[in-house]
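# A look at the structure
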Amino acid sequence: MNVIVRPTFYETQILGAADLEAQLQYARAALARHERHQHSYGVVYGLEVSIANEALVVAAGMLVDGTGRQVVLPQGAIRTAEEFQNFGVVSQSDREDTWYPVFVSGVDTPQRPSPFRREQCNTLSTSRVDESWEVTFGRPGMEAVERPPPRVDSTPSGAAGVEAWPVVVGFVQWSRTDLKFKDAKTEPDAQHRPRYAGVYADSVVARGGSLSMRTRVAIEAGKPAMLLQDDPWQFQVGKLKPNGKIEPLLTLNDSGDLEVTGKLKGTLAGGSVVTESGVVSDGVTIPLPAGVTQKQVDDKKVQICVLLSPQIDQNDAPDTANTWAGFVLECRVDEDRQAHCRVRWLRLSTPTGAGSIVDRSATFSYLITASVKQE
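Residues numbered from 1 in each chain as written. Predicted model: local features only at pLDDT ≥ 70, side-chain atom pairs only at ≥ 80, totals over all residues. Heavy atoms only, no water.

## Points about the overall build of the protein chain
Secondary structure assignment for the protein chain yields 3 helices and 21 strands. The C-alpha radius of gyration computed for the protein chain amounts to 36 Å, which surpasses the reference 21 Å derived for 375 residues by more than 25%, pointing to a less compact arrangement than a globule. Dimensions of the protein chain, computed from the C-alpha atoms along their principal axes, are close to 130 × 60 × 45 Å. Counting all 375 residues of the protein chain, 29% fall into the buried class. In the protein chain, 56% of the contacts between residues at least 6 apart in sequence involve partners at least 24 apart. Carbon and sulfur atoms form 52% of the exposed surface of the protein chain, whose accessible area is close to 24300 Å². Looking at the protein chain, you have 39 positive and 46 negative side-chain charges, and the mean spots of the two groups are 1 Å apart. (Helix = DSSP H or I, 4+ residues; strand = E, 2+ residues; numbered from the N terminus. Rg over C-alpha atoms; globule rule 2.2 N^0.38 Å. Buried < 20%, exposed > 50% of the residue type's maximum accessible area, 1.4 Å probe, protein only. Contact = heavy atoms within 4.5 Å. Areas by Shrake-Rupley, 256 points an atom, 1.4 Å probe, with all protein chains shown as cover. Lys, Arg positive; Asp, Glu negative; His and termini not counted. Charge placed at Lys NZ, Arg CZ, Asp CG, Glu CD.)

## Looking at the sheet that holds strand β9 (residues 167-175)
Taken in spatial order, the 4 strands of this open sheet run β8-β7-β9-β10, and their pairing is antiparallel. Each edge of the sheet is formed by a strand with only one pairing partner; in this case those strands are β8 (129-137) and β10 (180-185). Taking the axes of each pair of neighbouring strands and ignoring which way they run, one obtains an average angle of 40 degrees across the sheet. Taken together, the 5 bridges between β9 and β10 define a ladder with antiparallel strand orientation. Residue pairing for β10: Q173 is matched across the bridge by D183. (Pairing = 2+ DSSP bridges. Axes fitted to C-alpha atoms, helices over the stretch in contact; angles between N-to-C directions.)

## Observations concerning the environment of Y196
Secondary-structure assignment places Y196 in the loop between β10 and β11 (210-214). Residue classification places Y196 among the partly exposed residues on the basis of a relative accessible area of 45%. For Y196, the contacting residues outside a window of four places in its chain are Y41, G42, V43, T186 and E187.

## Remarks on a nonpolar patch on the surface
Among the surface-exposed residues, F9, L15 and L20 lie close enough to one another that they form a single nonpolar patch of about 290 Å² accessible area. Tracing the backbone shows L20 in helix α1 (residues 17-37). (Patch = residues over 30% accessible without salt bridge, like charges linked within 9 Å, V, L, I, M, F, W, Y side chains within 5 Å. Salt bridge = Lys/Arg side-chain N within 4 Å of Asp/Glu carboxyl O.)

## Some details on the sheet that holds strand β17 (residues 302-309)
Spatially, the 3 strands line up as an open sheet ordered β16-β21-β17, and their pairing is antiparallel. Single-partner strands in this sheet number two, and they are β16 (273-281) and β17. For this sheet, the mean angle separating the axes of adjacent strands, direction not counted, is 20 degrees. Direction of pairing for β16 relative to strand β21 (residues 363-372): antiparallel, over a ladder of 9 bridges. Looking at β21, one finds that S281 is bridged to T363.

## A closer look at unusual backbone geometry
Residue D231 is joined to P232 through a cis peptide bond whose omega torsion reads -5 degrees. Positionally, P232 belongs in the loop between β12 (224-230) and β13 (233-240). In this model, L47 sits at a positive phi of 65 degrees, which is unusual for a non-glycine residue. Structurally, the position occupied by L47 is in the loop between β1 (42-46) and β2 (49-52). One non-glycine residue, E54, lies in the positive phi region at around 65 degrees. Tracing the chain through its elements places E54 in the loop between β2 and β3 (55-58).

## What to know about the confidence of the model for the protein chain
The predicted model of the protein chain averages 88 in pLDDT, with 93% of residues at 70 or higher. α1 is the least confidently modelled element of the protein chain, averaging 85 in pLDDT, while β3 averages 96, the highest of any element. (pLDDT = per-residue confidence, 0-100.)

## Describing the pattern of salt bridges
Under the counting rule described, the total for this entry stands at 15 salt bridges. Close ionic contact of D94 with R139 constitutes a salt bridge, the shortest N to O distance being 2.5 Å. Here D94, found in the loop between α2 (81-86) and β7 (100-110), pairs with R139, found in the loop between β8 and β9; they are 45 residues apart in sequence, far enough to count as distant. Here D94 falls in the buried class, since its relative accessible area comes to 9%. R139 sits in the partly exposed class, given a relative accessible area of 31%. Salt bridges here are not isolated pairs; linked through shared partners, they connect R28, R69, D108 and E131.

## Quick word on the side chain of Q234
Looking at the element boundaries, Q234 is found in strand β13. Note on Q234: relative accessible area 16%, which makes it buried. Once residues within four sequence positions are removed from consideration, Q234 is found in contact with L227, L228, Q229, T251 and L252.

## Regarding the nonpolar core
Core analysis: the biggest nonpolar cluster contains 25 residues, and L56, V58 and V172 have the highest contact counts within it. Here this core gets 4 residues from one element, more than from any other, and that element is β9. Setting aside anything within four residues of it in sequence, one finds V58 in contact with L47, E48, V49, L73, G76, A77, V104 and V135. The next biggest cluster of nonpolar side chains, apart from the first, holds 13 residues, and it includes V280, I286, A339 and C341. (Core = buried A, V, L, I, M, F, W, Y, C linked by side-chain atoms within 4.5 Å.)

Structure, rendered in structure tokens:
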């Protein structure tokens, strides 16, 4: 039997509380299914944390938890140092710079019935439920614990008998000496971040012919951004300017032309050939061209060819008091691309004899070529 039942009504029907409640719960469950299966849970707006008057302040905002429940803090929340202590999340072995996660979860709180309403003469039931919230604290690392996903037909969290789903909104530091909050930040560093809501989508479509993406809600100069537009046709990746425009670092047009402001690095495609040249001294390993890795060479996916060209410089002669002639003694590259560059110097000036032949290391120019094999 299908567990999703939609209530319907007909003329002259006598509506009971269960009928009206079924209509309400049907709409609420449908919204929750949308929120948790078409979106990833997390903070939607606000809920930044800070310290004011030695208390933790969670700003007004909204989040969606993993069950699809919308949790709204219309006026924010305040938690004292004493309330933090009561959670018992601090260990004596914790460092002073330890960040403790701050969570917000949704809680249903039935309102107390008014004793002056006639319809409640024979019952103590309430006709209102406060969709409230709760701020809690956890041990370091608890923010990274992933909960098992709810069933596709499960109800939103917070109601009686349904476990709450805390969502991390920020972090606090605690002073064990002063027994008070040291600091509170929404995002202290790259390892400590709140959980933000997202979307599951295989297609993102713009209606105005331009689709842009950036990493922050506010426009911050220097932050990364992307732009895809059709007039003129182009795809850009770059940095934001103060006016919200993009300073492109990479641009692709409809002709396939690619413009970059930096260097192109990465793995070369099959059939590619790349060369580099330079100067190398005896005993030095010749570097691979850009885009070629040692693993490719070891896996025999790239063929390497190195050409050494001797450079005999009179400035490298043993001394300047005599006349010397230089001859190439060794000019080769071994299988590890280590250069062997040696020159034999012969003293031409008299007298000849001991010390008239000197072998010395030298510096030669090189040309290295790498060709990627076709798969």
